[in-house]
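One-letter residues, chain by chain:
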Amino acid sequence: MWYFTGVTMSKEVVYTCKAPKPIGPYSQAIKVDKFLFISGQIPIDPETGKLIEGDFKAKVRRVLENIKAIVEAAGGSLKNIVKVTVYLRDIGKFEEFNSVYSEYFREEPPARAVVEVSNLPKGVDIEIEAIAYIP
């Protein structure tokens, strides 16, 4: 329990086997009151624990499916996501990324930032973190 200026808030770890196990000392997500903070997801297949190789669009789908599994484990859906931060190793893949992303967020898409970075865990091309509000 946390206490902020007269308000008590609970902190809950969210975990699902439908998303990859964390590769470090962090949780898949943390729920605080009605907010869900989803850790950065990379294109790891939760069934095999291995990275998705090859097609960039398949990697984007895998990351978004991982996020979907986590938000659903917390009792929400992709419609509850309010903010997304996307890390790309090559901003030149922005259009490919956007074409897949728009399949998942067709109506009322969340606020979003997309940034190019020099490297990501395990040398992957993409990582996405998200915040959801689940009333």
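The text that follows walks through the structure, step by step, so that each part is easy to find.

The rules we used
Residues numbered from 1 in each chain as written. Predicted model: local features only at pLDDT ≥ 70, side-chain atom pairs only at ≥ 80, totals over all residues. Heavy atoms only, no water. Helix = DSSP H or I, 4+ residues; strand = E, 2+ residues; numbered from the N terminus. 1 Å grid on protein atoms, 1.4 Å probe; cavity = no way out; pocket = protein on both sides within 12 Å on 5 of 7 lines; lining within 4 Å. Points joined across faces, edges and corners; volume = space filled by probe spheres on them. Nonpolar A, V, L, I, M, F, W, Y, C, P; charged D, E, K, R; others polar. Core = buried A, V, L, I, M, F, W, Y, C linked by side-chain atoms within 4.5 Å. Buried < 20%, exposed > 50% of the residue type's maximum accessible area, 1.4 Å probe, protein only. Contact = heavy atoms within 4.5 Å.

### Description of unusual backbone geometry
Phi is mostly negative for residues that are not glycine, and the peptide bonds are mostly trans. Positive phi, close to 45 degrees, is recorded for Glu108, a residue that is not glycine. Residue position: Glu108 is located in the loop between α2 (94-104) and β7 (111-116). Located in the positive-phi region is Lys122, a residue other than glycine, with phi close to 60 degrees. Turning to its location among the elements, Lys122 is positioned in the loop between β7 and β8 (126-133).

### Here's the deal with the layout of surface pockets
Size it by volume and the largest pocket reaches roughly 250 Å³. Lining the largest pocket are Leu78, Lys79, Ile81, Val82, Tyr104, Phe105, Arg106, Glu107, Glu108, Pro109 and Pro110. Grouping the amino acids of the lining of the largest pocket by side-chain chemistry returns seven nonpolar, no polar and four charged.

### Topic: the nonpolar core
In this structure, Leu36, Ile81, Ile126 and Ile128 are the most contacted members of the largest nonpolar core, which totals 29 residues. Residue assignment for this core shows that the elements contributing at least two residues are β5 (35-41), α1 (56-73), β6 (81-88), α2 and β8. Considering each element in turn, this core owes the most residues, eight residues, to α1. Excluding residues that lie within four positions of it along the chain, Leu36 makes contacts with Val14, Ala29, Ile30, Lys31, Ile70, Val71, Ala74, Ala130, Ile131, Ala132 and Ile134.

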